[in-house]
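Each chain, written out:
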Amino acid sequence: MLFNSMEFLIFFPIVVLIYFVIPHKIRYIWLLAASYFYYMCWNPKYAILMLLSTVITYLSGILISRANLVPNKLKAVKLKKLFVGFCFSSNLIILFFFKYFDFFISNINLVLRKFNFELLNPQFDIILPVGISFYTFQALSYTMDIYREELKPEKNFLKYALFVSFFPQLVAGPIERSKNLIHQISERHYFEYNRVKNGLLLMLWGFVKKLIIADRLAILVNQVYNNYHDYKGLVLILATIFFSFQIYCDFSSYSDIASGAAQVMGFKLMDNFKQPYFSKSVAEFWRRWHISLSTWFRDYLYIPLGGNRVSKLKGYFNIMVVFAVSGLWHGADWSFVMWGAMNGAYQIIGKELKFLFDKAATIFKVNRESKLHILLKIITTYLLICFSWIFFRADNFSMAIQVIKEMVMEFNPWILTDGTLYQLGLDEKNFRLAIIGIIILLVFDYFNAKQDIRERLGSCHIVFRWSVYYLTIFSIIIFGVYGLGYDASQFIYFQF
Amino acid sequence: MKNVVIRSVTFFGIFLVLFLVITEIFKAKWINCYSNNIEPATLIVDGFYENKDELDVVFVGSSNVYENINPLVLFEDYGISSYDFATASQTMSQTYSFTKEAIRLKKPKVIVLDVYGLMYNGNPREDRARRSIDNIPLSINKLEFIKNIVTGMDIKAISDYIFSIKRYHSRWTELSKDDYTYPLRDKHYSYRGHQPHFNTVSCDDLKYNEEVEFKGFTNLSKEYFIKIIELCNKTNTSLVLIKSPNVNWKKVNSDEVNKIIKPYNIKFLDYAKNYKEIGIDVKDCFRDTGRHMNCKGVKIYTDAIGTYLKSNYQLKDYRNEEEFSQMKDDLEIYYQDIESYKLSQLKDVKQILEIVNSNENYSVYYNVNQVDINKYNNKFYQLLIQKGINLTEDISGKNITAESINNLLLGNKGINIIIYDNLTQRVVDNLSVTENLVLEREKKVIRESDL
C-alpha cells in the first residue's frame, strides 16, 4: 500500500477516525493492528520477519536490563555484551540474508571464476522484504540505547511492537529513535484542530513533491538512464540533475507524508531533511540529508569506532568506513559502496584542503560571509553531490563509469534549443512543468528555512488560505503523475 | 468543536463542487457526430438523459444500432418516439446495463435489441467501456455496470471508472475550447442517438448462408443476453430482437440466437437474412464494406422496423403532438445534412453556388489568392458575391471567426471558398477555384472543434 495509492487514501482516514473515537487505553492496540495490516498489504509473509525481529530485540532489551542487576559488574558487562551481540548478529544475519546474499554470492563467484573453480548456484528465490533496513535499524537502536542505559526497556510487548511497526514511518523512515518514539505511544493524544490541519498540510506538500515533481522527473531520468548508450553530453548531465531533485523529492516526500500522518494522530517524528541542497559543504549536506540515518550511523557506528577522538588517520578511516557502510545500506552493489565512499572522500579531501582554502581566502581577501561566496559554496557542494548521484542511479559500477565517459566526451549545447529536450519522455508542457516544479521546491525550501510556511499561511486571511489549499489539492489531482496506464512508481527508498 | 465541524463541512462542500466541475472539464468528449471513426458517444449518452420526450421505443446494442436506425425517420414516417441508446462494440454486459438504465428512466413500451453484441467475447476494451460509462450519472446501476465490466473487485479499476479524473487528468496538456464549453451546452442531440453517414461504399453480397467456423457465443454473452430477456419480462417491457444486414453475421449466428430464445416468446427480426426483401441494395446502401449503412440504407431499414413495430404494438402517433415540435427542427438538420453532403460531392462550382444561394442556412467565405478576380467568369463572380463574404471584410458578429476560417482555407492559388452551414454550425465544403473554374478540394475531416 503506497502512500500515493487509492488504498492509502481509504486506509488512513479510517485509521485516524477510529483512533480518535476509541478510548485512549486501547489506541496503541488499534495502531498496532493497523500497522501490521498496512505492512501485510505488501506480502503477509514479510510480517513474520518483522515479528521475529521485534521479539528478538524486545527480549534482548529485557535481558540486558536484567543483566544490569547482576551484582558482579564484570559479569554484568559480559552478559550485556553477549545479549547485544546476539541481538545485533541475529538481526543483521536476517538483513544480510534477505538483502545481501545475492550480492555476496555474485562476488564469491567473481573470485571463483578467476581461479576457475566451480561457481556457487544456491537455489533460493529471495525477495527483499519492504522496509527491512528501516525497521531493523530502528529496533537495533532500541537495543543499543538499553545497553547504554539511556532508556528503560518497554515492558508492554504490544507497545514495543508498535514502536517497531508504526505504519507512517515503517517502510521508508524516518528511522525513529526509541528515546523519541516509545514514550509517545503511552501519551494521550487529543484531537487538536491546528495540529491535525498542520499534519494534513505536511502530507499535502509531500504529495506535491512525490506526484508532481519526483514522478515527473523520473520519466526523463528513466528514459535516459535506461538507454544511456543512446545519449551523450548535456542530456546525461540534465538527467543527472533531474535525478538529484527526483531522489530528494521522492525521499523527502515520503518523510513529509510520514511525519504529517503521525502528526495528525499526535505523534512527533524527527526531521529527516532540512533543505539539503542549500548546504555549503558536503559535511553539512550529510547533516541535512536523511538525518535519521546519518545520526544513526554517527551514534551507533562512528562513535563506537572512536569518532574523531582518535588519530587523524584513524579518524579518516572511520569516516570512510561509515560512508561505505552507509552506501551498502542503500543498496547491494559496489556502485552504492562507491557512492558512499565518494561522499566520505569528499569530506576527507575537504578537511585536507581546508588550510589551502584558508590561505587563499587571506591572500585574495575573500569575504567568506559574502552572499556570492556562500552561493559559490552551495553550488560547488551541489555539483559534488550531483556527481556522486551518478553512482547511485546507475545500475552498476561499470554503467556509472560509462555514463561519466559519455557525459564528458561530447559537448552538445544545441540540444537545449533543437527540441531534443522534449523527446526524452516528457513533452514540452510536461518538461516545463518539471522545471517549474524544481523552482517551486527550491523557493519553498528557501522560505521554509526562515519560517515554517504552515505557520505563515495560518496567519493569512481564510480566503487566501483556503485558495492555497484548493490550488494545492487540485494541482496534485491535475498535474500529478498517477492513474491508469501509470504503474505508481515505487518510492525509491522502499528497497533499502 | 462546532466551529471545526462547520469549517470542515464548508471546506469539503466547496471541494466537492470544484471537483465535479474539474471532472467535467477533463472528461474526454466524443461530440462529433460527423466523424468517420468514432461514434459521438458523449452526445448519445448525454442526449438520452437530457431527452424529456416520452420514449415508446429504445434501441439498444452496438454500432449496428446507432449507425443503422434513425429515430428521426421513425418519427417522420410512423410518428414513433424512439432513441438509439447504444455505443460502439457493446458487449452484452454493457447492453444489459444500458437496457436497465433505459427501462429505469424511460419505461419504454418496447426495447429493440440488435444481437450483434453476442459475438463479442469477455470484457470490453477500456476506451469503448469509457465511451459507454463515463457519461452515465452516478447511481447504483452505474456501480453495477462498472462491476460487470471490471474483472474481480479491482479497487483501482473501479475507482478509475467512478472518479474519471484519475484517467483523464493528464489531458491538461490538450484541453480545447470544447472541454470548457461542452459541460454548459444544451445536451439535446438532434439525431436521438443516431450517427448519420452519407457516403457510399458498394459491396458484394453479404453471403448470409456462407459456412464459417463458429464455436458458439461465450457463456458471458449468453448470460447477459438472458438477463436482458428476464429484465424485460420482469418489467413488462416488450423485447424485440433484430439483426441489421451485416457481412459478419451469418446463418449459424442466427441459428444460435434462435436456439437460445426458444424457451422464450420473443420475436427475432433477422434482416441480415432478409435484407433484399426489404429493399437493401448492397451496391448503394452501405457506407463501409457491408457492416454499416448510409442514409439511404438506414431509411429503408428503419422503415422496415417501423412497419413491424407499428403493426405489432399499440404505439402512439406523436407527429401532431405539441411536445414534439422540436422534431421538426431536428428533421430540418437531418435534411440539411443530406443536402450538404450532396453539395460536397458536386464538381460544378456554379451549381454549388446556386444551391448555396438558394439555401438560407449557408454562408460563403472566400479569399482571392494571387489571381485577378476580373479574369473569372462573370456569372461565377456574380454567384460568388451574391452571398460571399470576402475575408478582407470584417466578419465579426458571424458564427465563425476569421482566424478559424483562415486556418481552414486551402490557401491554393485562385479563389479559396468555405461554405458554412449555420444550422449545424459546421463547415460543409472547403474548396478552391482556378481562373478556368476548375475546382479542387482537400479531403480533410473537419472537426467541430476546429471552429
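- Looking at an unreviewed UniProt entry, chain B carries the name SGNH/GDSL hydrolase family protein, with the source organism given as Anaerosacchariphilus polymeriproducens.

- For chain A, the name recorded in an unreviewed UniProt entry is MBOAT family protein, with Anaerosacchariphilus polymeriproducens as its organism.
- The heading Subcellular location (unreviewed entry) in the UniProt record of chain A holds the text "Cell membrane".
- Quoted straight from UniProt, the Sequence similarities (unreviewed entry) entry for chain A says "Belongs to the membrane-bound acyltransferase family."

### Here's the deal with the overall build of chain B
Here is step 1 of the chain: Each helix and strand in chain B was counted, giving 18 helices and 10 strands.
Here is step 2 of the chain: At 25 Å, chain B has a C-alpha radius of gyration in line with the 22 Å of a compact globule built from 451 residues.
Here is step 3 of the chain: Expressed along its principal axes, the backbone C-alpha trace of chain B runs to roughly 75 × 75 × 45 Å.
Here is step 4 of the chain: Taking all 451 residues of chain B together, the buried fraction comes to 55%.
Here is step 5 of the chain: Just so you have it, chain B exposes about 20,600 Å², and 49% of that area is on carbon and sulfur atoms.
Here is step 6 of the chain: Of the side-chain charges in chain B, 59 are positive and 61 negative, and the distance between the mean point of each set is 5 Å.

### Examining the packing of aromatic side chains
Residues and elements named next belong to chain A.
Here is step 1 of the chain: For the structure on display, the rule yields 90 aromatic pairs over all chains.
Here is step 2 of the chain: With 6.3 Å between their ring centres and 70 degrees between their planes, Phe8 and Tyr38 make a pair best called edge-to-face. One end of the pair, Phe8, is in helix α1 (residues 6–21); the other, Tyr38, is in helix α2 (residues 27–40), with 30 residues separating them in the sequence. For the pair formed by Phe8 and Tyr38, the shared burial category is buried.

### Observations regarding the interface of chain B and chain A
Here is step 1 of the chain: The interface is formed by 22 residues belonging to chain B together with 22 residues belonging to chain A.
Here is step 2 of the chain: Of the roughly 2,200 Å² buried between chain B and chain A on both sides combined, carbon and sulfur atoms contribute 76%.
Here is step 3 of the chain: Here chain B and chain A share zero salt bridges between them.
Here is step 4 of the chain: For the pair chain B and chain A, the interface holds six residue pairs in polar contact (both at pLDDT 80 or more).
Here is step 5 of the chain: Counting residues per element, the side of chain B that touches chain A draws most heavily on helix α1 (residues 2–26) of chain B, which supplies 10 residues.
Here is step 6 of the chain: Classifying every residue of the side of chain B that touches chain A gives 12 nonpolar, five polar and five charged.

### Details of the pairing of strand β4 (residues 238–243) of chain B
Residues and elements named next belong to chain B.
Here is step 1 of the chain: The element β4 is largely enclosed, with a buried count of five among its six residues.
Here is step 2 of the chain: Bridge analysis of strand β3 (residues 110–114) against β4 gives five bridges, and the strand direction is parallel. Its bridge partner lying in β4, Asp114 is registered against Ile242.
Here is step 3 of the chain: Where β4 lies against strand β5 (residues 267–270), four bridges are found, and the strand directions are parallel. Note on β5: the bridge partner recorded for Val240 is Lys267.
Here is step 4 of the chain: Of the crossover connections in this fold, the one passing from β4 over helix α12 (residues 251–261) to the parallel β5 is right-handed.

### Looking at the domain arrangement of chain A
Residues and elements named next belong to chain A.
Here is step 1 of the chain: The domain architecture assigned to chain A consists of domain 1 (6–188), domain 2 (196–273 + 394–496) and domain 3 (292–382).
Here is step 2 of the chain: Placing a centre on the C-alpha atoms of domain 1 and another on those of domain 3 gives a separation of 29 Å.
Here is step 3 of the chain: On the domain 1 side of the contact with domain 3, Phe103, Phe137 and Arg177 bury the most area, a combined 41% of that side's loss.
Here is step 4 of the chain: Across the domain 1-domain 3 interface, the total number found is one salt bridge.
Here is step 5 of the chain: Notably, a salt bridge pairs Arg177 with Asp299, separated by 2.9 Å at the nearest N-O pair.

### Quick notes on empty space enclosed by the protein
All names here are of chain B.
Here is step 1 of the chain: Per the stated rule, a full pass over the model turns up three cavities of 30 Å³ or more.
Here is step 2 of the chain: If you add up the space inside the largest cavity, you get close to 40 Å³.
Here is step 3 of the chain: Together, Thr91, Met92, Ser93, Tyr120, Asn121, Gly122, Leu220, Ser221 and Tyr224 line the largest cavity.
Here is step 4 of the chain: Of all the secondary-structure elements, those providing two or more residues to the lining of the largest cavity are α5 (92–106) and α11 (219–234).
Here is step 5 of the chain: Residue classes in the lining of the largest cavity are distributed as four nonpolar, five polar and no charged.
Here is step 6 of the chain: If you go around the second largest cavity, the residues you meet are Asn70, His194, Pro196, His197, Met293, Asn294, Cys295, Val298 and Tyr334.
Here is step 7 of the chain: Of the residues in the lining of the second largest cavity, the class split is five nonpolar, four polar and no charged.

### Observations regarding the sheet that holds β5(B)
Residues and elements named next belong to chain B.
Here is step 1 of the chain: Ordered by their spatial adjacency, five strands build an open sheet running β2-β1-β3-β4-β5, and the pairing between neighbours is parallel. The sheet is open, and its two borders are formed by β2 (82–86) and β5, each paired with just one other strand. When strand polarity is set aside, the average angle formed by the axes of neighbouring strands in this sheet is 20 degrees.
Here is step 2 of the chain: As judged from the five bridges shared by strand β1 (residues 57–61) and β2, these two strands associate in the parallel manner. Residue pairing across strands places Val58 opposite Tyr83, the latter belonging to β2.
Here is step 3 of the chain: Along the sheet, helix α14 (residues 295–312) makes contact with β1, β3, β4 and β5, crossing β4 at roughly 150 degrees.

### Some words on the domain arrangement of chain B
Here is step 1 of the chain: Domain parsing of chain B yields domain 1 (2–317) and domain 2 (348–450).
Here is step 2 of the chain: A C-alpha centroid distance of 37 Å is found between domain 1 of chain B and domain 2 of chain B.

### Details of the pairing of β3(B)
Here is step 1 of the chain: For β3(B), a buried count of five out of five residues is recorded, marking the element as mostly surrounded by other parts of the structure.
Here is step 2 of the chain: The alternating pattern of β3(B) places Val110(B), Val112(B) and Asp114(B) and Ile111(B) and Leu113(B) on opposite faces, both of which are buried.

### So, the packing of helix α3 (residues 44–67) of chain A against helix α5 (residues 132–147) of chain A
When two helices pack together, their arrangement is given by the angle between the helix axes and by the axis-to-axis distance.
All names here are of chain A.
Here is step 1 of the chain: Two numbers describe how α3 lies on α5: the axes approach to 9 Å, and their chain directions differ by 5 degrees. Considering the angle they form, α3 stands roughly parallel to α5. For the pair α3 and α5, the contacting residues are Leu49, Met50, Ser53, Thr57, Ser60, Gly61, Ile64 and Ser65 in the first and Ile132, Tyr135, Ala139, Leu140, Tyr142, Thr143, Ile146 and Tyr147 in the second.
Here is step 2 of the chain: Residue composition of the contact of α3 with α5, by class: 10 nonpolar, six polar and no charged.

### Notes on the confidence of the model for chain B
Here is step 1 of the chain: Model confidence for chain B is summarised by a mean pLDDT of 89, while 95% of its residues fall at 70 or above.
Here is step 2 of the chain: Below a pLDDT of 50 lies the segment residues 443–451 of chain B, which in the model reaches 23 contacts outside its immediate sequence neighbourhood of four places, other chains included.

### Examining α1(A)
The α-helix advances 3.6 residues per turn, and as a result positions three or four apart in sequence lie on the same side.
Here is step 1 of the chain: The end-to-end C-alpha separation of α1(A) is 23 Å, in line with the 22 Å expected for 16 residues at 1.5 Å each.
Here is step 2 of the chain: The set of residues buried in α1(A) consists of Met6(A), Phe8(A), Phe11(A), Phe12(A), Val15(A), Val16(A), Tyr19(A) and Phe20(A).

### Thoughts on helix α6 (residues 157–165) of chain A
All names here are of chain A.
Here is step 1 of the chain: Of all the nine residues making up α6, seven are buried; the element is thus mostly covered by neighbouring parts of the structure.
Here is step 2 of the chain: If you check which residues of α6 are buried, you get Lys159, Tyr160, Ala161, Leu162, Phe163, Val164 and Ser165.
Here is step 3 of the chain: In this fold, the buried residues of α6 make contact with α2, α3, α5 and α7 (178–186).
Here is step 4 of the chain: At the N-terminal end of α6, a side-chain oxygen is found 2.9 Å from the backbone nitrogen of Leu158, two or three residues along, and the residue is Asn156.

### A word on the sheet that holds strand β6 (residues 362–369) of chain B
Residue and element names in this part refer to chain B.
Here is step 1 of the chain: Strand order in the open sheet formed by five strands is β7-β6-β8-β9-β10, and the pairing between neighbours is mixed. Either end of the sheet is taken by a strand with one partner, and the two such strands are β7 (388–390) and β10 (439–441). Taking each pair of neighbouring strands and ignoring which way they run, the sheet shows an average axis angle of 30 degrees.
Here is step 2 of the chain: Two strands pair when backbone bridges link them, and strand β8 (residues 414–421) and strand β9 (residues 426–433) are joined in this way by seven bridges, in the antiparallel orientation. Directly across from Ile415, in β9, lies its bridge partner Val433.
Here is step 3 of the chain: Set on the sheet, helix α15 (residues 326–345) makes contact with β6, β8, β9 and β10; between it and β9 the angle comes to about 15 degrees.

Conventions adopted
Residues numbered from 1 in each chain as written. Chains lettered and ligands numbered in written order. Predicted model: local features only at pLDDT ≥ 70, side-chain atom pairs only at ≥ 80, totals over all residues. Heavy atoms only, no water. UniProt positions renumbered as here; feature names shortened; annotations may be inferred. Helix = DSSP H or I, 4+ residues; strand = E, 2+ residues; numbered from the N terminus. Rg over C-alpha atoms; globule rule 2.2 N^0.38 Å. Buried < 20%, exposed > 50% of the residue type's maximum accessible area, 1.4 Å probe, protein only. Areas by Shrake-Rupley, 256 points an atom, 1.4 Å probe, with all protein chains shown as cover. Lys, Arg positive; Asp, Glu negative; His and termini not counted. Charge placed at Lys NZ, Arg CZ, Asp CG, Glu CD. Phe/Tyr/Trp six-rings, centres within 6.5 Å; stacked < 30°, edge-to-face > 60°. Contact = heavy atoms within 4.5 Å. Buried area = accessible area lost by both parts, 1.4 Å probe. Salt bridge = Lys/Arg side-chain N within 4 Å of Asp/Glu carboxyl O. Polar contact = N/O pair within 3.5 Å; in protein donor to acceptor, adjacent residues only side chain to side chain. Nonpolar A, V, L, I, M, F, W, Y, C, P; charged D, E, K, R; others polar. Pairing = 2+ DSSP bridges. Right-handed = clockwise from strand over helix to strand, strands pointing away. Domains from an automatic or database assignment. 1 Å grid on protein atoms, 1.4 Å probe; cavity = no way out; pocket = protein on both sides within 12 Å on 5 of 7 lines; lining within 4 Å. Points joined across faces, edges and corners; volume = space filled by probe spheres on them. Axes fitted to C-alpha atoms, helices over the stretch in contact; angles between N-to-C directions. Parallel < 35°, antiparallel > 145°, perpendicular 65-115°, else oblique. pLDDT = per-residue confidence, 0-100. Expected span 1.5 Å × (residues − 1).

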